[in-house]
Amino acid sequence: MQSFRTRRSDRKCCEAAEPRINRLADVDLVKDPRRTGTAIRSITPQNLDATKHSLDIAKLKIPDRFSSTHRARQDNMERLHFLSLLILLGLAGQTPCSAQQAGRDGVSQGSRQSTEETGAGVQTANQSDTKQPNVLFIAIDDLRPELGCYGSEIAVSPHLNELAETGLLFNRAYCQQAICRPSRASLMTGARPETTGLFHNYVSLRELQPNIVTLPQHFIANGYETAYCGKIFHHGDEDEAHSWSRDPVKRIKGIEKPKGAFALPENIKARNEDFQRMLSKYGEAARRGLASEPAYESADVPDHAYVDGYNTLLAIETLHEMVEQGDKPFFLAMGFTKPHLNWIAPKKYWDLYDADQIPMALHADAPRDGAAMGLHASFELRTRAGIPKSGPLGPELSRTLKHAYLACVSYVDAQIGKVIAALDDAGVRDNTIIVVWGDHGWHLGDMGVWGKATNYEIATRVPLMIWTPDMKVRGETSDALVELVDIYPTLCELAGISKPSHLEGHSFAPLLDDPHQSWKQAAFSQYPNPALREWAANPLSPAMRETWFGPLIQQVEQRIEKQQGTTWDRELFEQHLMGYTMRTDRYRLVVWKDHRRPDAEPLFVEVYDHHSDPLETENIASKNPGLTAELIEQCNAGWEAAK
Ligand SMILES: [Ca+2]
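Residues numbered from 1 in each chain as written. Predicted model: local features only at pLDDT ≥ 70, side-chain atom pairs only at ≥ 80, totals over all residues.

1. A look at the overall build of the protein
Note the threshold: The secondary structure listing takes helices from DSSP runs of H or I that are at least 4 residues long and strands from runs of E that are at least 2 residues long, numbered from the N terminus. Exposure in this text rests on C-beta crowding, where 20 or more other C-beta atoms within 10 Å of a residue's own make it buried, 12 or fewer make it exposed, and counts in between make it partly exposed. The C-beta atoms are placed from the backbone. Contact criterion: two residues are in contact if their C-beta atoms, reconstructed from the backbone, are within 7 Å.
In terms of regular secondary structure, the protein is built from 20 helices and 20 strands. Here the protein holds 643 residues, and 54% of them are scored as buried. Long-range contacts, defined as pairs at least 24 residues apart, comprise 76% of the intrachain contacts of the protein with a sequence gap of at least 6.

Have a look at this one:
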């Protein structure tokens, strides 16, 4: 495969961009004729702290022409506007200013390749005269649809609410596997996990699929400049050689890059001490599969003290570079690492919530008659310092953890507001598609589990919204069943470029104009035995059995053995058991099978009726054999028959 990447030493890239936030003498509120309101546009390093609330929380209004008539959401937004106004008033004394930036000293070409290098199908396009839209591609790690626009009564997410209010929100969007790397590999290649063969976190995409054409790679071949900041593919699988044509800005002059995950010295110390303690207790096993560090942090620091805030500044600078220096449409990907553990966010986002008002999971028990292997023992969270190694977490810790998760949601929402506002600043909002997706859901105590990595609704359902300059309907929520694997063909269609033949999704572009039309019959996901896998979907390592998880894993095995009887076999259940799940309009089916024997009878089947049981509290498969057989037949027919 041809590599598009040029050597770093060959590039003229200056990695120390002086951001537009450095260039203004004063902090200003800008009245932008393209907006209906005011927004803080630029600040200096000196006044970053003083203005952080305004910059982060201030409502960044969207032009009138994109406004929706959807009243229910509008009412919600007005409440949030009021909240923002109160915060702004509390920070009176900040001076209005012009957002028109001075020259962009210190910024230089970051392009990795010439147009000729991109291979077949190249088109050249100029930002000013092309009709090919730009793409702002926003990924959020481990975000379940815990947002105001999804009906969360507690989440403070004004910017994503507004995007949904002026775009299209998908109420029933599903990932293809509820864990980072497989989900992202599927989305980015447009192929399902069964095709990519990537079921674990620690397998390289290119090892398995050296020639598959990824979404940004396909856009490069069709005349786009592509760049990313943060987490788009999984760590270590960034595909820089093929998927990205341009280096992003790497540093912001005058603003220190975060050195690590934590800001508080006591947490940095705790992390190091805990690790040493585990190492002395368990030896080398502690190095594999165990993390041991605080699960959360609240520090009174500016947004850019943590990686998502800093990456947001890089993405904004990269955007401006591409607009000002490029002659092609851009595909800019911004990947937020929160609300993935550890739940670290600036204190001001924690302060948006009254902990006593945070509701806990509505149903904290495993499904009645559900699969014993369907739920894991919350390993990912339990590796963290201060979390019980077995048993329930208790109400106080549970509330703190959910508070921490929500703080991260609001932190990411604020950063997204900045990136979207930058489209306006750069003058390209009118020709840019915005798509926002989460890679999978998360159990926050739901079903008694803390973590992702199951085949149930709470882990497979994801947030997904899209905004285009010319969509005919705004502010609607579509109940159509859509999948993350659909994003690739959708963006191809919206950009007017061909769809590669290997794609296994279905463009949902027609839903933008008619969100309530009849659509897919089913959405599909899969996950290998959650109960006997590490949180990264890998088979259990000796390290897990040799540490504090040994007794817990024993309990899990006994539970499965009790349910499965003579079919129990550790090798089969730990190494080869795959759960295939299908969501139809009404039901969720989960079929547990030996992955090596696709035609064999399932080892266990679950059916949940979302009409009567939206929380999936009871498996009704054995009570409804006819229905179950029908659903299995539909599942066996697969995604191709469900279009
Ligand atoms: Ca994830």
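2. A word on the packing of helix H3 (residues 158-166) against helix H13 (residues 395-425)
What counts is decided by this rule: Angles here are taken between N-to-C directions and fall from 0 to 180 degrees, while the axes themselves are lines fitted to C-alpha atoms, restricted in helices to the stretch in contact. An angle below 35 degrees is read as roughly parallel, one above 145 as roughly antiparallel, one from 65 to 115 as roughly perpendicular, and any other as oblique. Residue polarity is assigned by list, with Asp, Glu, Lys and Arg as charged and Ala, Val, Leu, Ile, Met, Phe, Trp, Tyr, Cys and Pro as nonpolar; anything else, Gly included, falls into the polar class.
Two elements in contact, H3 and H13, have axes whose closest approach is 7 Å; the angle formed by their N-to-C orientations is 55°. One way to sum up the angle between H3 and H13 is to call them oblique. On the side of H3, the interface is formed by Pro-158, His-159, Leu-160 and Leu-163, while H13 contributes Asp-413, Ala-414, Ile-416, Gly-417 and Ile-420. For the contact of H3 with H13, the residue count by class is six nonpolar, two polar and one charged.

3. Thoughts on the sheet that holds strand S19 (residues 587-594)
Keep this limit in mind: The pairing criterion is simple: DSSP has to find at least two bridges between the two strands.
Taking strand neighbours across the sheet as the criterion, the four strands line up as S17-S18-S19-S20 in an open arrangement whose pairing is antiparallel. Bordering the open sheet on either side are strand S17 (522-528) and strand S20 (604-609), each of which pairs with just one other strand. Here the average twist between neighbouring strands, direction ignored, is 15°. Where S19 and S20 come together, six bridges link them in antiparallel fashion. What sits directly across from Arg-588, in S20, is Tyr-608. Running over the sheet, helix H20 (residues 625-641) touches S17, strand S18 (577-584), S19 and S20 and is turned about 70° from S19.

4. Things to note about H20
Because an α-helix packs 3.6 residues into every turn, residues spaced three or four apart end up facing the same way. The line we're drawing: A helix's residues, less one, multiplied by 1.5 Å, set its expected span. Bend at a residue means the angle formed by two fitted axes: the first through the 7 residues ending at that position, the second through the 7 residues beginning there.
For H20, which comprises 17 residues, the first-to-last C-alpha distance of 22 Å matches the rise-based estimate of 24 Å (1.5 Å per residue) to within 8%. Remark: the principal bend of H20, roughly 45°, maps to Cys-635. Elements in contact with the buried residues of H20: S17, S18, S19 and S20.

5. Re the nonpolar core
Rules: A set of buried Ala, Val, Leu, Ile, Met, Phe, Trp, Tyr and Cys residues, joined through C-beta atoms within 7 Å, is what we mean by a nonpolar core. For each domain, the first and last residues come from an automatic or database assignment.
If you look at the biggest cluster of nonpolar residues, it comprises 159 residues, and the most contacted ones within it are Leu-332, Trp-343, Val-435, Met-465 and Leu-491. Broken down by element, the residue count for this core peaks at 16 residues, all from H13. In terms of domain composition, this core takes at least three residues from each of domain 1 (133-519) and domain 2 (527-641). Once residues lying within four places of it in the same chain are set aside, the contact partners of Leu-491 are Val-135, Leu-215, Ile-433 and Val-435.

6. Description of H3
Counting buried residues along H3, nine of its nine residues qualify, which places the element largely inside the surrounding structure. For H3, the full list of buried residues reads Pro-158, His-159, Leu-160, Asn-161, Glu-162, Leu-163, Ala-164, Glu-165 and Thr-166.

7. With respect to the pairing of S19
Counting buried residues along S19, seven of its eight residues qualify, which places the element largely inside the surrounding structure. Examined bridge by bridge, S18 and S19 share seven bridges and lie antiparallel to one another. Among the inter-strand pairings, Thr-581 is bridged to a residue of S19, identified as Val-590. Linking two consecutive strands that pair antiparallel, namely S18 and S19, is a turn of two residues.

8. Brief notes about the environment of Asp-300
Examined against the element boundaries, Asp-300 turns out to sit in the loop between strand S8 (296-299) and helix H10 (307-325). Taking the C-alpha atoms as reference points, Asp-300 and Trp-350, separated by 50 residues in sequence, lie 10.0 Å from one another.

9. Regarding unusual backbone geometry
Going from Lys-338 to Pro-339, the amide bond is cis rather than trans, its omega being 5°. Among the secondary structure elements, Pro-339 is positioned in the loop between strand S9 (330-336) and strand S10 (343-346). Of the consecutive residues Leu-341 and Asn-342, the connecting peptide bond is found in the cis state with omega at 0°. At Asp-369, a position not held by glycine, the phi torsion is positive, near 60°. As for its placement among the helices and strands, Asp-369 is situated in the loop between helix H11 (347-350) and helix H12 (379-382).

10. Digging into the environment of Ala-641
Along the chain, Ala-641 falls in helix H20. Residues Ala-641 and Lys-520, 121 residues apart in the sequence, show an inter-C-alpha distance of 9.2 Å.

11. Comments concerning the confidence of the model for the protein
Basically, it comes down to this: By definition, pLDDT measures how confident the predictor is in each residue, and it falls between 0 and 100.
Averaged over every residue, the pLDDT of the protein is 83; the share at 70 or more is 79%. Low confidence marks residues 21-109, where pLDDT is under 50. Its contacts with residues over four positions away, or in another chain, come to 146 contacts. Low pLDDT, under 50, characterises residues 113-129; the predicted model gives this stretch 33 contacts beyond four residues in sequence or across chains.

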